[in-house]
Structures are given as C-alpha cells and as structure tokens.
Amino acid sequence: MTQDKRIITIRFLEAMLEDGLINKETFDKLRVKLRSLGDKHPIEGIAPFKIKHASNPKAILDDETLAQWYAMRVGMDYVELDPLKLDVDAITAVMSKAFAQRHNIIAYSVDANKVTVATSEPDVQAWVSGLEHILRKEVRRVFASPVAIRKFQQDFYALSHSIKGAASEKYQELGTGNLEALVELGKAGEIDANDQHIIQIVDWLLQYAYAQRASDIHIEPRREKGNVRFRIDGVLHKVYEFPAGITNAVLARFKIMGRMDVAERRKPLDGRIKTKATDGQEVELRISTLPTAFGEKLVARIFDPGVLNRDFESLGLDANIESKWLSMVNQPNGIMLVTGPTGSGKTTTLYTTLKLLARPEVNVCTIEDPIEMIDPNLNQMQVHHDIDVDFASGVRALLRQDPDIIMIGEIRDKETADMAVQASLTGHLVISTLHTNDASSAITRLIDLGVEPFLVNATLLGVMAQRLVRVLCPDCKEAQPTNEKAWKHLVDPFPLSTPKQVFQPVGCRACRGTGYLGRQGIYELLNVNANVKKLIHAKCEVRPLREQGLKDGMNLLRISGAMKVAQGVTTIEEVLRVASPEMES
C-alpha cells in the first residue's frame, strides 16, 4: 500500500517552473518567501502574491488557476466550489467538521451510491476507505483549491451549526399562524433576547450576497420550507432552503435590523438597513415585506455603493448620446424624463446625472420614494404617505426651498405631473422618471395623465428610455459567425450592415459559468425639438413622434443594443430579450 504524502512546496515550485507558469527568477524568489510556510498548502502560500503567468501576462496565478493547472498535471478532475451550486445540507451531513478539517477535504456532491469529495492533496488517501465504510458508498476524489476548501469548511459548517441550533422546539412552532410566538421573538428589538444562531444566519446571508454581487435577496415562505434566492445580473438563483420556523425568525431579524414593526404581518412594510461589509465598505439595503399565503415574503434590495461614483461611459452611454443628454440637462429650466420598467437602471442614471449637476453654486433637491442612495451634495427628501407627504406635496414644499434643480423619483399621477410642469415653468430644471416602453411613449403618457398638450410643448426638453443587458464575460466570450436571420430580425428595417462575427457566452470561473459578467444600459434619446413639438396635440400617437425622432437622429433601444452586439459587448438574444421589435407599439 502506497504511503500518503502531502505536496512538498519545493516540488510544487519545480513543477510550475517546468510547465512554464513561472520563470527562474520568480522560482528563486518564491523558494525564499515560502520557507516558513509550515503546514500550509503551496497554493495557499503562492496565491496571495498574485504573480503573473510567465507565458500569459494577462493571467494571474490565483488559487483557482493554480488548482486547475495542478489537477490537470496529476490527472485528477478539477472542480470549483461554487456555493450557488452546492447543497450545503447534503455536504455537511457526509462528514463532521473535525473530520473534514483533519484531512483538508469537503464533500462536493452526494447521490444514492456515490459521494464526490474535494481534496487538494492527490497523494493523501488514507481517509477514503474509512469514509466509504461509514457511508457505505463509493468515494470519488476531485481536486479543488485548498483556499476554497478551507473557506467553505468554515462557512458551510458554521451555517449548518446555526441552522441546527436555531431549529429548536420554539422555532418549529413558528408556523404561518403562530403570531404570538413571532411577537415574542421580536421583543425589545432582539430575536428572543439575542439569539446568536439567527444573527449568524443573517450575517452569512448578507456577506454571501455581497460576495456574489447580488442586487436583491428574496426570502420566500412556503408550507414546509422557506426559499432564499439571490438576483445576480438580473437573474434569480436559488441559494438555500430554511425550515419554515427558521425562515420566520430570519425574516424577523431583517425587520428588526430595518426598524420595522415585527408584530405587523398583515400589511406590506418598508425599512432600511445600513451595514459594513468585511472589506470595510458601507452597503445599504432597502427592505420590503409582503403578506403571502404562507407568511411574509421579504425582498432586500442591495444598493451598490459604487453607484454614486460611476460615470456615463461605465453605464453604457455612447459619446453621442452622452453629449446630447448633458446638453439637455444643463438647460436652466424644463423637464427631462428617464423611462423604462422597474430594474432598468433609471435611478442610477438619475444619480449619475445629479452628481454632475450638483455644483457648489447650485441647489439640487430631490423627492424620492424611498431615498435609495444618500449623497452629501444633494438635499434629499423622502415620501411618507402615512403623513400625506407624497410626490406632489413634496415638490410643492421643495419649491419654497429656492431650488435650481428638482429630481422627482417618479411621475405617477396627474397631480405630480402638474407640479413638475409648474416647477419647470417657474424657472427650474426638473428631472424625473416614467414607466413607458420607449421614449416617444412618454409624451402620450403625460397627456393621458391629464397634462395639457401645450404645457408638454412648453416644458419637455427630452426623454431617454433605457434597458439593461447582460455584458459578455471578457474572459470566456467566443467569436462566432453572425446569425444573419437573427440579426435582420433585430435591426429590420434599419440598414445596419451585418457584422462578420459576433460573440457568444461560454462560461468560466470568473462569470460562474453563465457567460455574462455585469450589466450595461442601452439607450434611446428623444430630443423634443421644434419638429417633435409640432406633432404634440390632444390625440397625438406614438408612431409619428417616433418617426420624427428617428429623422432627427434618435436610435431605437434595439439599434443601440445592436451596436453593442457588433462591439462584442452583448448578444443578439440578450438585446431581443429586453427590446424586441414587437415591443414597439
């Protein structure tokens, strides 16, 4: 029987040199630096230096890159421990935390006859026979990064411990109808006088969401279980299932953190949480609850702290649209509108615009529902419907505050629209949002709300419609010949030449196998000039307005998207998903 041998650091470095990952100079430096590595795996010692690959300077030798290379060298299958794809309960049930840490392993997947276990020591196998005997299943070994193994040993077993600790009799009783128990749970602003297990579960959820770049956390009660899902790049991913009682306790913890009424479960509530991530960055969350058949559903919207520091280029505006937009919003008075559905990036566009306009000599005031990102350069006011502070009354109050620029979170009704018009007529620039399919529809929408056409004519400067498309991962996108039929469907009837090739998603470690990494906007900017104003009347229709806009140089949303496809930023399918020709009324 072959004796178990752990990887020796100097042999690992020699293999890296032999395979061209490092040169002789780097080899000599690492050999000195890693002398005191002790029991640590060589990958754990090398990865923090972020060394560039000798043969490919664009590649960094991080822990996953080194693990993938070494797995191939020793002939083992490599796996990445992606927490979104792993069943935490099944993994932690296979072996104890002590056993996993003693042998530097972690279960990867479990089925009826086999358990796949991740290790970073190819020649250490003494634990295999013992585990097979206990589980009465075949054990298959795969190679994974020791950094990931150590991290998820800590995270997964800590979560499992908290779930088991919280799954006591009192929580099992917290069913959908046990309101008294839930009230007791939230007494004195604490969960059952400081239940550490629930606090740890919520802390894990938040840190995990930040690490995964989630924009929203969904906690959804069901009859027996509660689902937890994250929205990442616009797509929901299932993360975990909690027992029903623990789901209620976790939800109560969120409500307490958001200073919401824990006892009130019959009506929707809103709250706000400010947290500090492990990297020291402050992150704000907007909490919303909704009564459902099986209890309260909660959504936590995570506000990217980098929103206030973004520029128009990073949002996806091309130079031509950016120039026209800035020209319009620098007018001394009038109304500028941003349109699109919920989650299309309208608020980010507004904040980016206000950041540029908020100079020391300008008074910028906002009325929002709710305030999404706090900026010290703005005077921000929040809507409070319970005390009759709505958008219209808020604008009325702001007009007495000597503003130069007013941002209205959303024009929803005639009263708010009328106040926006009055504010612009009295010498203020008003920036707001509307929910319409495209830029041209905003004009008919204002008239439908009851604004007189001559007032729309007198005040409206321009309308920008937008959508968000997923951006192709730069590390793995792959060029392919253009599907001419799909391209023609996207751009017809506009004479955009068909690109010889477009890029398609593939999937890699950086993008978690999705092929996409982040999102950008596509835009449609209508300049309400003299030509457009001639078409605005009580019974005007969208099509003539759109056609005039096109004559004046406007690009439709899908054409803006097609340009990004040609640039290799996104795909035809992604643009058609958010801005197909059929959406143009």
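Every chain is numbered independently, its residues counted from 1 as its sequence is written. Only residues with pLDDT of at least 70 are given local features in this predicted model, and only at 80 or more are side-chain atom pairs given and counted; all residues enter the totals for whole chains, interfaces and linings. As a convention, hydrogens and water are excluded, and side-chain values are obtained from all of the structure's heavy atoms.

An unreviewed UniProt entry lists the chain under the name GspE/PulE family protein, with Pleionea litopenaei given as the organism. UniProt positions are given in the numbering used here, feature names are shortened, and annotations may be inferred rather than shown by experiment. Its UniProt record gives the chain the following Sequence similarities (unreviewed entry) comment, quoted word for word: "Belongs to the GSP E family."

A. Representation of the environment of A54. The helix count covers DSSP runs of H or I at least four residues long, the strand count covers runs of E at least two residues long, and both are numbered beginning at the N terminus. Mapping A54 onto the fold places it in the loop between α3 (42–46) and α4 (63–74). Linking A54 and I149, residues 95 residues apart in sequence, is a C-alpha distance of 27 Å. In what follows, residue pairs with any heavy atoms lying within 4.5 Å of each other are defined as contacts. When near neighbours in sequence (up to four residues on either side) are disregarded, A54 contacts G20, L21, I22 and N23.

B. A look at the packing of aromatic side chains. Within 6.5 Å between ring centres, the rings of Phe, Tyr and Trp (the latter by its six-membered ring) count as paired, and their orientation is classed by plane angle as stacked under 30 degrees, edge-to-face over 60, tilted in between. Applying the stated criterion to the full structure yields 9 aromatic pairs. Measuring from ring centre to ring centre gives 5.4 Å for F12 and W69, while their planes differ by 85°; the resulting arrangement is edge-to-face. Remark: W69 occurs in helix α4 and F12 occurs in helix α1 (residues 9–18); sequence separation between them is 57 residues. Each member of the pair, F12 together with W69, is buried. When the ring of Y70 is compared with that of F143, the centres are 5.8 Å apart and the planes differ by 50°; the resulting orientation is tilted. You can see Y70 sitting in helix α4 and its partner F143 sitting in strand β3 (residues 138–143), a full 73 residues away along the chain. Since its relative accessible area comes to 12%, Y70 is described here as buried. Only lysine NZ and arginine CZ atoms are considered, and such an atom sits over a ring when it is within 6 Å of the ring centre and within 35 degrees of the ring normal. Sitting over the face of the ring of Y516, R470 holds its NZ or CZ atom 4.1 Å from the ring centroid. Above the face of the F503 ring, K477 is positioned so that its terminal group lies 4.8 Å from the ring centre. In this scheme, a residue with accessible area under 20% of its type's maximum is buried, one over 50% is exposed, and one in between is partly exposed, where area comes from a 1.4 Å probe on protein chains only.

C. Representation of the sheet that holds strand β1 (residues 105–110) in the model. In short, DSSP must find at least two bridges between two strands for them to pair. Spatially, the 3 strands line up as an open sheet ordered β1-β2-β3, and their pairing is mixed. Strands with a single pairing partner mark the edges of an open sheet, and in this sheet they are β1 and β3. With strand direction ignored, the average angle separating the axes of adjacent strands in the sheet is 30°. Two elements, β1 and strand β2 (residues 114–119), share 5 bridges in a ladder whose sense is antiparallel. By the bridge assignment, I105 is partnered in β2 with T119. Note on definitions: angles span 0 to 180 degrees between N-to-C directions of axes, and those axes are lines fitted to C-alpha atoms, for helices only across the stretch in contact.

D. Main features of the packing of helix α11 (residues 196–211) against helix α12 (residues 244–257). The contact between α11 and α12 brings their axes to 10 Å, and the two run at 75°. Comparing the axis directions of α11 and α12 gives the class roughly perpendicular. Of α12, the residues touching α11 (which contributes I198, I199, I201, V202, L205 and L206) are I246, A249, V250, R253, F254 and M257. Residue composition of the contact of α11 with α12, by class: 11 nonpolar, no polar and 1 charged. Between 65 and 115 degrees an angle is taken as roughly perpendicular, under 35 as roughly parallel, over 145 as roughly antiparallel, and anywhere else as oblique. Classification convention: Asp, Glu, Lys, Arg as charged; Ala, Val, Leu, Ile, Met, Phe, Trp, Tyr, Cys, Pro as nonpolar; all other residues, Gly among them, as polar.

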